[in-house]
Amino acid sequence: MKKAFLFLFALCTYLSTQAADYKYLIIESNDGTKTTLTAVGLTLTFEGSTLKASDGTTLELTTLSRMYFSDVSAITNVNLSSSKGVTAYTPAGIKVGTYIDAEDARKQLPKGIYILEEANKKTYKSVIR
């Protein structure tokens with residue numbers, strides 16, 4: 001009985017001291033825009049008044065209001081109404097369909113997160129609610 005109690009105590013202590021494994025670092029600017037960086041393997045460096053991430057992202061420190069870790073990406077809708085010929089993919093890369101434009105895709109797609117690719121190969125993340 002004493003061994004079982006000690007084992008459970010050790011297990012509970014180990015589990016309670018595990019660090020949370022967040023997937024994303026969200027950096028929010030003063031104007032409310034959010035930049036999402038993948039947290040796994042991320043390295044941040046500061047050079048003067050500039051924040052540089054290992055993925056090539058560069059941000060001015062004077063424009064930043066806060067940074068926080070999250071399990072959910074800060075995906076926001078992008079206005080693609082001027083684009084012609086949009087292909088929609090799931091986040092896993094599965095092609096869902098091709099649409100006349102982004103507005104047409106938003107009307108026809110069910111709720112979810114999608115990657116929209118324009119005819120010129122420019123891609124955008126979009127949330128359909």
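Calculation notes
Residues numbered from 1 in each chain as written. Predicted model: local features only at pLDDT ≥ 70, side-chain atom pairs only at ≥ 80, totals over all residues. Heavy atoms only, no water. Helix = DSSP H or I, 4+ residues; strand = E, 2+ residues; numbered from the N terminus. Buried < 20%, exposed > 50% of the residue type's maximum accessible area, 1.4 Å probe, protein only. Contact = heavy atoms within 4.5 Å. Areas by Shrake-Rupley, 256 points an atom, 1.4 Å probe, with all protein chains shown as cover. Core = buried A, V, L, I, M, F, W, Y, C linked by side-chain atoms within 4.5 Å. pLDDT = per-residue confidence, 0-100.

1. Re the overall build of the protein
Helix and strand counts for the protein come out as two helices and ten strands. Counted from the first residue to the last, the protein has its helices and strands arranged as α-β-β-β-β-β-β-β-β-α-β-β. Counting every position in the protein, which comprises 129 residues, the buried fraction comes to 28%. The long-range share in the protein, meaning contacts at least 24 apart out of those at least 6 apart in sequence, stands at 40%. When the accessible surface of the protein is summed, it comes to about 9000 Å², and 58% of that surface belongs to carbon and sulfur atoms.

2. Some points on the nonpolar core
For soluble globular proteins, nonpolar side chains are generally found buried alongside one another. In terms of nonpolar packing, the biggest core is built from nine residues, these being Val86, Ala88, Tyr99, Ala102, Ala105, Leu109, Tyr114, Leu116 and Ile128. In contact with Ala88, not counting residues within four places along its chain, are Ile94, Lys95, Val96, Gly97, Tyr99, Leu109, Ile115 and Leu116. Judged by nonpolar contacts, the second largest core, of seven residues, contains Leu25, Leu37, Leu51 and Ala53.

3. So, the confidence of the model for the protein
Chain-level pLDDT for the protein is 78 on average; 76% of the residues reach the 70-or-more range. The secondary-structure element of the protein with the lowest mean pLDDT is helix α1 (residues 2–16), recorded at 59, while strand β7 (residues 86–89) shows the highest, at 90.

4. Considering the environment of Gly112
With respect to the element layout, Gly112 can be found in strand β9 (residues 112–117). In sequence terms Gly112 and Thr90 are 22 residues apart; their C-alpha atoms lie 8.5 Å from each other. Leave out the neighbours within four places in its chain, and Gly112 touches Ser126, Val127 and Ile128.

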